[in-house]
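# Summary of the model geometry
Chain by chain, the residues run as shown.
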Amino acid sequence: MCQSILFFTIGVWLLQQQETLPNLTWGAGIVVILGAALIYQRKTSWQQAAAPILAAALACSTGFFYAAFFAQQRLADALPAAWQGKNIQVIGVVAQLPKQHDHGLRFVFDVEKVLTPNATVPTRILLASHEHENGTGFNIHTGERWQFTVRLKQPHGSRNPHDFDFEAWMLENKLRANGYIHPKGNNQRLDTLAYSPGYYIESLREKVRNHILATTAFPSDPHSSLQVRPDTRTMIGDRYDTEENRHYAGVLTALAIGDQASIPAAQWQIFTRTGVNHLMSISGLHITMLSGLGFAAGYWLWRRSARLTRMLPARKAATLAGLLVGLSYALLAGFGVPAQRTVYMLTTIAAVLWLSRTVAPSQTLAAALLVVLLLDPWAVLSPGFWLSFGAVGLIFYVTAHRLRPLHWLATYGRVQWAMSIGLIPPLLGMFQQISLVSPVANAFAIPLVSFVVVPLTLMGAGFHIEWPLWLANQAMSLCYSLLEWLNHLPEAVWIQHAPAPWSLVIGMLGVFWLLMPRGFPARWLGMIGLLPMFLVQPPIPPDGALSLVIFDVGQGLAVAAQTRNHALLYDTGPNFNSEANSGNRILIPSLRGMGIAKLD
């Protein structure tokens, strides 16, 4: 089963790399032929040898055309070119937490009805609102039903080497158009809350965010850079940090409801450079921990009643309690890929306990992988998908099926070692950098954040009391101070070119060899498999030749000129907003991936 799910995943990933969709009729025929060949084969020796190949081809083809079918459905929900840039009146619901940008708000809007005759609008769009000249803007909250006059355009992103693919991100999130609210249009709130479980959860997430910000950001402090206006005070969570008065409301918000956008860019950079950014949102570790606490509490309470125990065994009742706690926390987090993976794994484990069966950890992980891809074939486009499943797979690889259990401290050290070595290939492949201080940072950040900051944050957010949030803020301040010290160490982060794809494959094989169980001969040879990622440099122009790269920066210009021994950048493109420009969004990642470490 695990091998088939792995090839199904490969098929889904291959589809996402195509420029055009395949013919689904031919696809169905290929799947049927492969399935028939696998079922009706004779038991000759060569056919038995070909059976694994047929099974792999069937699984890969099924994944490929399954993803193609869903892509075809999603692409059909599009904004016609004729309606780009025109005023369209729509009615819908604010579907997710609004985010603050330089001049207003940005939010996801579910379109329920199009009022403009003959107009066609996708069911989910990304909208931005802008402040009026007097400094006021729309007072928009999650779950509200509004009538807006909007101007939309089809998703369009820049195309550069090693660049963020905005169009793929929009497609992955089912956002088929983006635009803005026309300030002079007929814009009015129709309902304060649309009655739907999803919208109610999003509204609850916003209330939790508001409570955390009100408790920990201290907006009345004259030294704070968090400027709160009556119309947008619940939307601001990304500019409250100063050297004189530092607060961590954004981090606590991310840990409570998974809103990473609340974390200031400066703090997020520290977390990334020290390798603890995976902790600064609702991760699988946090969901599993709370689910375990729910299991323990349910088990202890259920056993107190002989009547309840006769009706249902305490272990089964506790399993349900733990699963419900984990699911509730994941929903509060927005149910991203890491949360989905954890919930599906917990569901599999709960089913195993209910049926009194034994399932290998690899089968549990494979079942979670299959469910994620069946529900969301675009998950393979997210770096978090690969890092999330890869990290859990590494944990199982170095801890499961051992002859005797190790001491918990030794197990913790082994897991940290596996994470430090095993995630080098994917991190270099996706981000071209790895944190050299990550093992030390995670050694104290994991227990401090998971067992102190997260429980206190949830206690304060869930019961609307302030002292746990204050304590969580103090604990986070201590953690951040240590992370800052690590970040300022020389060579805290290794930054390099983008490795060749073949070197990443060899690197992962080297990781598996290096992390073999103790006693396996010559494990050190796995280090050799890691070397090509660092030593094989991108091709450079030969003597007398010039390479020119004209970057796609929109309304601007940026050209990189490279010879064998020199590199020059002509112009740097435009600014996008106060925190983003073509330099940090496009040029630095592209130049770094191309192997240009400095400019002449």
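Reading the values: the criteria
- Each chain has its residues counted from 1, following the order in which its sequence is written.
- Local features in this predicted model are restricted to residues whose pLDDT is 70 or higher, and side-chain atom pairs enter the listing and the counts only when it is 80 or higher, whereas totals over whole chains, interfaces and linings include all residues.
- To obtain the side-chain values, all non-hydrogen atoms of the structure were included, while hydrogens and water were left out.
- Helix and strand assignments follow DSSP, with helices taken as H or I runs no shorter than four residues and strands as E runs no shorter than two, numbered in order from the N terminus.
- Here the globule rule reads 2.2 Å times residues to the power 0.38, and the radius of gyration is calculated from C-alpha atoms.
- For the exposure calls, accessible area comes from a 1.4 Å probe over protein chains only, and a residue counts as buried if that area is under 20% of its type's maximum, exposed if over 50%, partly exposed in between.
- By definition in these notes, contact holds between two residues if any of their heavy atoms fall within 4.5 Å.
- Only the protein chains shown count as cover for residues, with accessible areas throughout obtained via the Shrake-Rupley method and a probe of 1.4 Å.
- The positive count covers Lys and Arg only, the negative count covers Asp and Glu only, and His and the chain ends enter neither.
- To locate a charge, the coordinates of NZ of Lys, CZ of Arg, CG of Asp or CD of Glu are taken.
- Take the buried Ala, Val, Leu, Ile, Met, Phe, Trp, Tyr and Cys residues and link them wherever side-chain atoms come within 4.5 Å; each set so joined is a nonpolar core.
- In the sections that follow, a salt bridge refers to a side-chain nitrogen of Lys or Arg positioned within 4 Å of a carboxyl oxygen of Asp or Glu.
- Polar contact is defined as a pair of N or O atoms within 3.5 Å, subject to the rule that within protein one atom must be able to donate a hydrogen and the other to accept it, and that residues adjacent in sequence are counted only when both atoms are side-chain atoms.
- Here, strands pair whenever DSSP counts at least two bridges between them.

For the protein, the count of helices and strands is 20 helices and twelve strands. Expected size for 600 residues packed as a compact globule is a radius of gyration near 25 Å; at 26 Å, the protein falls within 12% of this value. Dimensions along the principal axes, computed over C-alpha positions, put the protein at roughly 85 × 80 × 60 Å. Relative to its 600 residues, the protein shows a buried fraction of 44%. For the protein, the share of sequence-separated contacts (at least 6 apart) that also reach a separation of at least 24 residues comes to 69%. A total of about 31,100 Å² of accessible surface is found on the protein, and carbon and sulfur atoms cover 63% of it. If you average the places of the 41 positive and of the 31 negative side-chain charges in the protein, the two averages end up 16 Å apart.

Of all hydrophobic cores here, the largest spans 72 residues; its most connected members are Val251, Phe271, Val276, Met280, Phe385 and Met476. Counting residues in each nonpolar core, the second largest holds 21 residues, with Val90, Val121, Phe138 and Trp146 among its members.

The residue Arg176 is located in the loop between helix 4 (166-172) and strand 6 (178-181) in this model. No salt bridge is formed by the buried Arg176. Its closest oppositely charged neighbour is Asp77, at 5.9 Å. For Arg176, the side chain forms a polar contact with the main-chain oxygen of Asp77, separated by 3.3 Å. Once residues lying within four places of it in the same chain are set aside, the contact partners of Arg176 are Arg74, Leu75, Asp77, Ala78, Leu79, Pro122, Arg124, Pro155 and Leu171.

Turning to unusual backbone geometry, a few remarks are in order. Although it is not a glycine, Asn118 sits at a positive phi angle of roughly 70 degrees. Tracing the sequence through the fold places Asn118 in the loop between strand 3 (104-114) and strand 4 (124-130). Residue His464 is not a glycine yet carries a positive backbone phi of 55 degrees. Along the chain, the position of His464 falls in the loop between helix 16 (438-463) and helix 17 (467-487).

This part is about the environment of Tyr195. The topology assignment puts Tyr195 in the loop between strand 7 (188-191) and helix 5 (197-216). Look at Tyr195 and you get exposed, because its relative accessible area is 83%. Sequence separation of Tyr195 and Glu144 is 51 residues, and the distance between their C-alpha atoms is 9.5 Å.

Time to look at the pairing of strand 1 (residues 87-94). Judged by how many residues are buried, strand 1 sits mostly within the fold: six of eight residues are covered. Here strand 1 runs beside strand 5 (residues 145-153); their pairing, made up of seven bridges, is antiparallel. Each residue of the ladder has a partner; that of Gly92, found in strand 5, is Trp146. Sheet topology note: the strand 1/strand 3 ladder contains five bridges and is antiparallel. Within the sheet, the bridge partner assigned to Ile91 lies in strand 3 and is Lys113.

Okay, the pairing of strand 3 next. Judged from the three bridges that link them, strand 2 (residues 99-101) and strand 3 form a sheet pairing that is antiparallel. Bridge pairing links His101 to Gly104 in strand 3. Remark: two residues form the turn of the hairpin made by strand 2 and strand 3, two consecutive strands paired antiparallel. When strand 3 meets strand 4, the two strands line up antiparallel, connected through seven bridges. Paired with Arg106 across the strands is Ala128, a residue of strand 4.

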